[in-house]
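Structural characterization, general
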Amino acid sequence: MPGRLQSWAGSEAARLLALALSACGLAVVCLAFTGSQDHVAAIWPANGLALAVILRSPPRLWAAYAASAAAGMMVANLAVGHSEGRALLLAACNGGEILIAAALASRLAGPDLDVTKPRQLLSLSCVALVAPVVPALMASAVLGDASMGTLIRWYLADALGLAVVTPMVLALVTDAGSLKAAFWRKRNLAPLTALVAAWALAFGQESYPLLFLLFPPLVWCAMTLPSAGNAVALLLTAVVAVTATLTGHGTAGLIHGDMQVKLAVLQGLLATMTFATLPLTAVLAERRRLNASLREALAQVGKSEERYRVLADNASDIVITIDDRGILTYVSPSIRHLGHAPEDMIGRSPLPFIHPDDREAVGTRMRERRQSGAVDDMPHQTYRILKKDGGFVWVEGKPSVIRNAQGGIAAVISQLRDITGRMEAEAARAESEARYRMLADHSSDIILKVDAEDTILYVSPSVSRYGYTPDQLIGVSGYSLVHPDDLSEAQARMAELFRAGVVDPSRDRTHRIRTASGDYVWMEGNPSLVRNAKGEVEAVISQMRDVSARKELEAELLAARDEAQAAAATKAEFMANMSHEIRTPLTAVLGFTNLLSSRDDLATDARRQVERIGAAGQAMLAIVNDVLDFSKLEAGLMPVTPRPTALLELLETALALFEPQAEAKGLRLSFAASDLPAHVDIDPDRTRQVLLNLIGNAVKFTDDGEVAVTASYAEGRLKVAVRDSGAGMTEAQQARLFQRFSQVDGDAARAGGGTGLGLAICRGLVDAMGGEIGLTSALGEGSTFAFEIPAPACAAAEGLDAISPLAGVAGLRVLVVDDNPTNRELAHAVMTQFGIEVTDASDGAGAVELAAQLPYDVILLDIRMPVMDGPTAARRIRGEPGPNRDTPILAFSADHQLDEASAGLFDGHVRKPIEVAPLLEALIQVTAWEEALYAAEG
């Protein structure tokens, strides 16, 4: 807004400055070339220009424009030698004259002065004669000359300036749009050429007084050019005449006297030309406007007549005229659609053409009308007119009277409109209402009709089931029967019905109604609006059904659902606790088994026994993982996190894991891939989990032959198939797959082991990734399991995602916090063999105390501990000053994933049982991230 105000202020300042400069320039020229000894110019166009500008400006700016013009004239007065006081007073006289002229013009001609209209041009001319009187007297006093000569010269110069310059400028501005076209039309070249020739003859020689030659071409221009064009012609003529006179050319030399006299004569000539041509232009413009208005009016009359004729020729209404004797004197042609001819009916009574059941009533009304002489206050009449073929139509008409000179009825005109459709609709409606009332009276549901104020207008007899009679409820407010707790919702539904015309189908429409005994029953209503012929709402009808039994069932179902949810919550808590309790000893079993396996001094039998312990532990861990993964999938808590993944490496690594098992069974493993991108955006962990499950099943249930993995890529989707040469499956066996706790048969379960959740987890994971999974199999021909997931191609991972887990970790200082001493011992044993310095604590309080004393590179923090749990300890370490406030903290937990509250406190997650590669990778990632931050800050 300030910018717009500044722009506006800048443009107004520019206009004021332009007006001041224009007024100053004109005044200097007129005073310098035409001034007399008393400095009174022979011509004074500056006031006329200023008046034209003011009349085209808002009244709030008039004073500013007048002051601007006066300032310019004051500078001119100073330039020709006036004293400062006299220059100021003379400029004030001119400014006052301009404001007087503007006020008079606005009052006489209105705010929108148009000099192309004769009356307004005449008003402006009168203003030009009146406005300079007082300023001329004041100027004479200022100049110190009380003679009539100075007064008359001032008055004439200003009056002629206002009368000549102002109309020309206003005409030019008013009709400026037509100016360009006016000068380029061929028909306008002749008067313009004649005007130029008149200039040459009048001002190109000094021997003959040929000024009169200017009048014919100017009149010609006035008759052919628009107002703006005529104004330009006058303005150019004035410029040529003044220039020639001031330079001593033209017939001005034939005029005796000084330059004052010559210019006065010339000014009179210009005024004469202006008053001769501008009024003519205005009259012609007004004539053109009147002709245009007349043509438009004639066109409208023609259109109206045409529309009237079309309506009359195609009118379906019947117009009849009946005289004072009750005889038809006119029947419109539209009667023909009933089979009658107008000429057959004229001269006869209308009664034979009326249905016998209505004839007596119509005849009685006609007699009463003739006797009373009053038809103006009679209502519309409806009756039936017979058709030629014996049928009838319903008509509606209101008679209009034509009276004679004595005031009696001379004739009656009636316009009869066919309302057969409306009458049939009303009859059908009455019949429908009768049927509806019969159904309502015998319905077991309660039919209720209320008005806009919810007052009961009708209630069906079925209300007696609740101890009421219909008469007891008629006139009672329906809201008074609604349970107080349901009243606001019932009123809201009614408000929505009146506002939108319908109630939202998804909205609950049930509420409790009080019975005569004071009890409450649940009712469900289906309200709808009843409208009259004008579309106005007359009432609301609702069918109320007793749904108390349904409500009781819903309450029972809700209670059962709450119990099921509580049981599910208990199950989830149990599963979480079971996971922790089982994984804790498994951590020790698998960890120390791996440490024993890596020793070189084990005997062969001992090594074989250790390997069997490790295999049994891994099998037990797989069972726990399957159960927990399936629980998370069922709860929708299994996250899918796509990231750039080396696709070929993922597939080959997954297959390579099963080479020992396949080699032990004598199976061939093969892999084939075509058109695979180097990297795709997928969740590698979930994809690897599906691959391992499918390949593991194929190896587990195939005794000889091969297991083949194929991968293909098309249109941003990855498709992987795992084919085996096993026994195959029947359709019944296939139907049991992909279901929880389901295997092909008991023998397979005993032979291969497992929980029966693997394929169900695969389907859940593929669904979560937005893909599909399925199988094809035939008995004796093997099976093929295939899945397809979205896998947009992408660039290789950069930064932390590209860190190799084989990077060195020697020298890292790690604080291990776990309440289980076996886990602490295992973590110590695993990490120290890689050169990691390990410190341990048995609970969160001990971790906080140690973290406040010595700096560590990484803190491994168990989640569930006595005294102080892991999240609380992490908050304390992060929130208190100390050397480890910004140290990476890894969650050290048997849980598959952390909840949202805990996840935000930790920089990563190391799962139990401890696996060496994931542990080292997690340490490398967080320490490399920290080093990257230090490098960025440095």
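Residues numbered from 1 in each chain as written. Predicted model: local features only at pLDDT ≥ 70, side-chain atom pairs only at ≥ 80, totals over all residues. Heavy atoms only, no water.

**Quick notes on the packing of helix H22 (residues 684-700) against helix H25 (residues 758-768)**
In plain terms, the rule: In this analysis an axis means a line fitted to C-alpha atoms, helices contributing only their contacting stretch, and an angle means the value between N-to-C directions, from 0 to 180 degrees. Runs of E in the DSSP output that reach at least two residues are strands. Runs of H or I that reach at least four are helices, and both are numbered from the N terminus. Our angle categories are set so that under 35 degrees counts as roughly parallel, over 145 as roughly antiparallel, 65 to 115 as roughly perpendicular, and the remainder as oblique. In this scheme, a crossing is called left-handed if the near helix is turned counterclockwise away from the far one by less than a right angle; it is called right-handed if the turn is clockwise. Two residues qualify as a contact provided that any one of their heavy atoms is within 4.5 Å of a heavy atom in the partner residue. In this count, Pro and Cys sit with the nonpolar residues alongside Ala, Val, Leu, Ile, Met, Phe, Trp and Tyr, while Asp, Glu, Lys and Arg are called charged and the others, Gly among them, polar.
Where H22 contacts H25, the two axes come as close as 10 Å, and the packing angle between them is 150°. Classed by the angle they form, the pair H22 and H25 counts as roughly antiparallel. With respect to the hand of their crossing, H22 and H25 are arranged in left-handed fashion. Of H25, the residues touching H22 (which contributes Arg686, Gln689, Val690, Asn693, Leu694 and Asn697) are Gly758, Leu759, Ile761, Cys762, Leu765 and Val766. Of the residues in the contact of H22 with H25, the class split is seven nonpolar, four polar and one charged.

**Topic: the packing of aromatic side chains**
To keep things clear, this is the line we draw: Stacked, tilted and edge-to-face are the three classes assigned to paired rings of Phe, Tyr and Trp, where Trp is represented by its six-membered ring and a pair needs centres within 6.5 Å; plane angles under 30 degrees give stacked, over 60 edge-to-face, the rest tilted. Should the NZ of a Lys or the CZ of an Arg lie within 6 Å of a ring centre and within 35 degrees of the ring normal, that charge is described as sitting over the ring.
Under the counting rule described, the total for this entry stands at zero aromatic pairs. Of note, Arg384 hangs over the ring of Phe392, and the distance from its end group to the ring centre comes to 5.5 Å. When the ring centre of Trp522 is taken as reference, the NZ or CZ atom of Lys551 above it lies at 4.5 Å.

**A look at the side chain of Thr510**
We apply this condition: A 1.4 Å probe rolled over the protein chains alone gives each residue an accessible area, and that area as a share of the maximum for its type sets the label: buried under 20%, exposed over 50%, partly exposed in between. The definition of a polar contact used here is a pair of N or O atoms within 3.5 Å, where within protein one atom must be able to donate a hydrogen and the other to accept one, and adjacent residues in sequence count solely through side-chain atom pairs.
Within the secondary structure layout, Thr510 lies in strand S8 (residues 510-514). On the basis of relative accessible area, Thr510 is assigned to the buried category, the value being 5%. Here the side chain of Thr510 touches Lys551 through a polar contact of 3.3 Å, side chain to side chain. Filtering out sequence-adjacent residues up to four positions away, Thr510 remains in contact with Arg493, Trp522, Met523, Glu524, Val547, Arg550 and Lys551.

**Here we look at the environment of Gly85**
Position of Gly85 relative to the elements: it lies in helix H4 (residues 84-109). Judged by relative accessible area, which is 41%, Gly85 ranks as partly exposed.

**Focus: the sheet that holds strand S3 (residues 381-386)**
Worth spelling out the cut-off: Here, a strand pair is defined by DSSP locating no fewer than two bridges between the strands.
Ordered in space as S2-S1-S5-S4-S3, the five strands form an open sheet in which the pairing is antiparallel. Two strands bound the open sheet, and with one partner strand each, they are strand S2 (328-331) and S3. Each neighbouring strand pair of the sheet contributes to a mean axis angle of 30°, computed without reference to strand direction. Bridge count between strand S1 (residues 318-323) and S2: three bridges; the pairing is antiparallel. Within S2, the position partnered with Thr321 by the bridge is Tyr330.

**Concerning the packing of helix H2 (residues 46-55) against helix H3 (residues 62-79)**
At a closest axis distance of 10 Å, the pairing of H2 and H3 adopts a crossing angle of 160°. Classed by the angle they form, the pair H2 and H3 counts as roughly antiparallel. The chirality of how H2 crosses H3 is right-handed. Across the interface between the two elements, Ala46, Asn47, Ala50, Val53 and Ile54 from H2 touch Trp62, Tyr65, Ala66, Ala69 and Met73 from H3. Residue classes in the contact of H2 with H3 are distributed as nine nonpolar, one polar and no charged.

**As for the pattern of salt bridges**
Just so we agree on the cut-off: Between Lys or Arg on one side and Asp or Glu on the other, a salt bridge is scored when a side-chain nitrogen of the former is within 4 Å of a carboxyl oxygen of the latter.
Throughout the structure, instances matching the rule amount to 21 salt bridges. When the shortest N-O distance is used, the salt bridge between Asp445 and Arg545 registers 2.7 Å. One end of the pair, Asp445, is in the loop between helix H15 (420-442) and strand S6 (446-450); the other, Arg545, is in strand S10 (residues 537-546), and 100 residues separate them in sequence. Judged by relative accessible area, which is 9%, Asp445 ranks as buried. The shortest N-O distance in the salt bridge between Arg723 and Glu706 comes to 3.3 Å. Taken together, the residues Arg723 in strand S15 (residues 717-724) and Glu706 in strand S14 (residues 706-714) connect sequence positions 17 residues apart. One network of salt bridges, with partners in common, ties together Glu524, Arg550, Lys551 and Glu554.

**Examining empty space enclosed by the protein**
Cut-off, in case you're wondering: With a 1 Å grid spanning the protein atoms alone, the term cavity applies to any set of points in which a 1.4 Å probe fits but cannot get out, the term pocket to an open set with protein on both sides within 12 Å along at least five of seven lines, and the term lining residue to any residue with an atom within 4 Å of a point. Grid points are joined across faces, edges and corners, and a volume is the space filled by probe spheres set on the points.
If you walk through the whole model with that rule in mind, you get seven cavities of 30 Å³ or more. Considering only enclosed or pocket space, the largest cavity measures out at about 440 Å³ in volume. Taken together, 30 residues make up the lining of the largest cavity; nearest its centre are Leu448, His511, Ile513, Ser542 and Met544. When contributions to the lining of the largest cavity are tallied by element, the ones reaching two or more residues are S6, helix H17 (487-500), S8, strand S9 (520-531) and S10. Ranked by residue count, the leading element in the lining of the largest cavity is S9, at five residues. Split by residue class, the lining of the largest cavity holds 20 nonpolar, six polar and four charged. The volume enclosed by the second largest cavity comes to roughly 240 Å³. Contributing elements (two or more residues each) for the lining of the second largest cavity: S1, helix H14 (356-372), S3, strand S4 (392-403) and strand S5 (409-418). In terms of residue class, the lining of the second largest cavity is made up of 15 nonpolar, three polar and two charged.

**Description of the sheet that holds strand S19 (residues 837-841)**
Here five strands make up an open sheet; going across it, the order is S19-S18-S20-S21-S22 and the pairing parallel. Looking at which strands have only one partner, the edges of the open sheet turn out to be S19 and strand S22 (908-911). With strand direction ignored, the average angle separating the axes of adjacent strands in the sheet is 25°. For strand S20 (residues 858-862) and strand S21 (residues 889-893), the ladder comprises four bridges, and the chain directions are parallel. Along S21, the bridge assignment pairs Leu861 with Ala891. Set on the sheet, helix H26 (residues 821-832) makes contact with strand S18 (813-817), S19 and S20; between it and S19 the angle comes to about 170°.

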